[in-house]
Amino acid sequence: MCLDSQRELPGRVADAEARRTSLADQVVVPRLFFVSIGAAVAFQIATTAVGLAGAGRAPIWLLASGLVLFVAVSAAQLARFRQLNGVWLGGLLSRVVGGTATAASVSYAGALGGATWAAFVGAWWLVPVAAIAGGAAYALSGQRWMRRYRADPAAHSRGESAAWLLVLAILALTFLVLLVAQR
Amino acid sequence: MTDLDPQIQTPTRLRLMTMLTAVSEVEFAALRDGLAVSDSVLSKHVTALNAGGYVRSRKGVHRGRRTTWVALTSHGRRALRDHVAALREIIAVVPPQ
């Protein structure tokens, strides 16, 4: 490679990186994306807590309704995201919607535990409080991921592998089934 | 010193592959607009990179019309990382003008 060509190299690399930044900057989330995901998570936490604490008196559909709503809202919002941008981000699926980001998973576990405990001891007013707090933390964690993605798209665009997500989903469902079986 | 990858030597391919690191998958028209090239130019580059195992492409639908979705492969990601590392080594030793 001649010296003149070598002198063009910094510009080439900078230009390629600028286009990557530009692509990431153009990625937008659909309206109410984080709010709807957070609300669906809050509903799922509340229905799971009430369903578990209600023991045999709580219908099984109450437990299922939260999960079904969460899956439906997530699928609709991800489809809107893909249609709006013409791109797919594995990180958005796993970190934001799947809640594998540390803040999302810790806050979700805490909120679900708190809401379930509150339902078992009959502190019903605390169930929606814990559920809403869990949903809000989940949504905020998603917004935080989006800011991180824009700052360093190459590091955050991909999430966990599909196989790992499947394992996590199976573990979560198994845990829920075991809880229901204990009712 | 790591060698430069001849498949990623051209500026357009370097831009294309660098852009792909920002997403898991991107639709053809979005990639074309980001690169500011024609359909035929992008198609030619994607075909060549696909043949080398650097990217994978699949037919799909976007906004109700048939299109192609393009993604970086693991091999492509490694090749780009090594190529950029080699470029930076060269840049570091090039004397200022």
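Each value, and the rule that gives it
- Residues numbered from 1 in each chain as written.
- Chains lettered and ligands numbered in written order.
- Predicted model: local features only at pLDDT ≥ 70, side-chain atom pairs only at ≥ 80, totals over all residues.
- Helix = DSSP H or I, 4+ residues; strand = E, 2+ residues; numbered from the N terminus.
- Buried ≥ 20, exposed ≤ 12 C-beta atoms within 10 Å, placed from the backbone.
- Contact = placed C-beta atoms within 7 Å.
- Nonpolar A, V, L, I, M, F, W, Y, C, P; charged D, E, K, R; others polar.
- Expected span 1.5 Å × (residues − 1).
- Pairing = 2+ DSSP bridges.
- Core = buried A, V, L, I, M, F, W, Y, C linked by C-beta atoms within 7 Å.

Asker: I'm lost on the overall build of chain A in this one. Help?
Answerer: If you tally the helices and strands in chain A, you get eight helices and one strand. For chain A, the sequential pattern of α-helices and β-strands runs α-α-α-β-α-α-α-α-α. By principal-axis analysis of the C-alpha atoms, chain A measures approximately 80 × 30 × 25 Å. Taking all 183 residues of chain A together, 40% fall into the buried category. Of the contacts formed within chain A by residues at least 6 apart in sequence, a portion of 74% connects residues at least 24 apart.

Asker: Help me understand helix 4 (residues 90-97) of chain A in this model?
Answerer: Turn by turn, an α-helix covers 3.6 residues, leaving residues three or four places apart pointing in a common direction. All names here are of chain A. Among the eight residues that make up helix 4, eight are buried, leaving the element largely enclosed by the rest of the structure. By the burial criterion, the buried members of helix 4 are Gly90, Gly91, Leu92, Leu93, Ser94, Arg95, Val96 and Val97. One or two residues past the end of helix 4 sits Gly99, with phi positive at roughly 70 degrees.

Asker: I tried to follow the interface of chain B and chain A on my own but got confused; where do I start?
Answerer: Where interface size is given, it is often the accessible area lost as the parts come together that is meant. Contacts between the two partners involve 24 residues from chain B and, on the opposite side, 24 residues from chain A. Of all the secondary structure elements, the ones that give two or more residues to the side of chain B that touches chain A are helix 1 (11-20), strand 1 (25-27), helix 2 (28-35) and helix 4 (74-93) of chain B. Broken down by element, the side of chain B that touches chain A gets its largest block of residues, five residues, from helix 1 of chain B. Across the side of chain B that touches chain A, the residue classes tally to 14 nonpolar, six polar and four charged.

Asker: Is there a simple way to explain helix 5 (residues 102-120) of chain A in this structure?
Answerer: All names here are of chain A. For helix 5, spanning 19 residues, the distance from its first C-alpha to its last is 27 Å, which sits close to the expected 27 Å at 1.5 Å a residue. Restricting attention to buried positions, one finds in helix 5 the residues Ala104, Ser107, Ala111, Leu112, Gly114, Ala115, Thr116, Ala118 and Ala119. Buried residues along helix 5 sit against helix 2 (33-53) and helix 6 (126-151).

Asker: Got a minute to help me understand the sheet that holds strand 2 (residues 55-62) of chain B in this structure?
Answerer: Working definition: the strands of a sheet are paired by backbone hydrogen bonds and lie parallel or antiparallel to each other. Read across the open sheet, the four strands follow the order 1(A)-1(B)-3(B)-2(B); overall the sheet is antiparallel. The open sheet has two free edges, formed respectively by strand 1 (87-88) of chain A together with strand 2 of chain B, since each of these has just one partner strand. Relative to strand 3 (residues 65-72) of chain B, strand 1 of chain B runs antiparallel, the two sharing two bridges. Opposite B:Val26, over in strand 3 of chain B, you have B:Val70 as the bridge partner.

Asker: What's the story with the nonpolar core in this structure? I'm lost.
Answerer: General note: in soluble globular proteins, nonpolar side chains tend to be found buried as a group. The biggest cluster of nonpolar side chains holds 68 residues, and the ones touching the most others in it are A:Ile37, A:Ile45, A:Ala46, A:Ala49, A:Ala115, A:Val127 and B:Leu20. Looking at which element gives the most residues to this core, the answer is helix 2 of chain A, with 14 residues. Other than its neighbours up to four places away in sequence, A:Ala46 contacts A:Ala115, A:Val127, A:Pro128 and A:Ala131.

Asker: Looking at this structure, I do not really get the pairing of strand 3 of chain B. What am I missing?
Answerer: Here is the key point about a regular strand: its side chains alternate between the two faces of the sheet. Residues and elements named next belong to chain B. With eight bridges joining them, strand 2 and strand 3 adopt antiparallel strand pairing. Bridge assignment links His62 to a residue of strand 3, and that residue is Arg65. Between strand 2 and strand 3, which follow one another and run antiparallel, lie two residues, and Arg63 among them has a positive phi close to 50 degrees.

Asker: Where do I start with unusual backbone geometry in this structure?
Answerer: Apart from glycine, the bulk of residues carry a negative phi angle, and the bulk of peptide bonds sit in the trans form. One non-glycine residue, A:Leu32, lies in the positive phi region at around 60 degrees. Here A:Leu32 falls in the exposed class, since 12 other C-beta atoms lie within 10 Å of it. One non-glycine residue, B:Ala36, lies in positive phi territory at about 60 degrees. Structurally, B:Ala36 is set in the loop between helix 2 and helix 3 (39-51).

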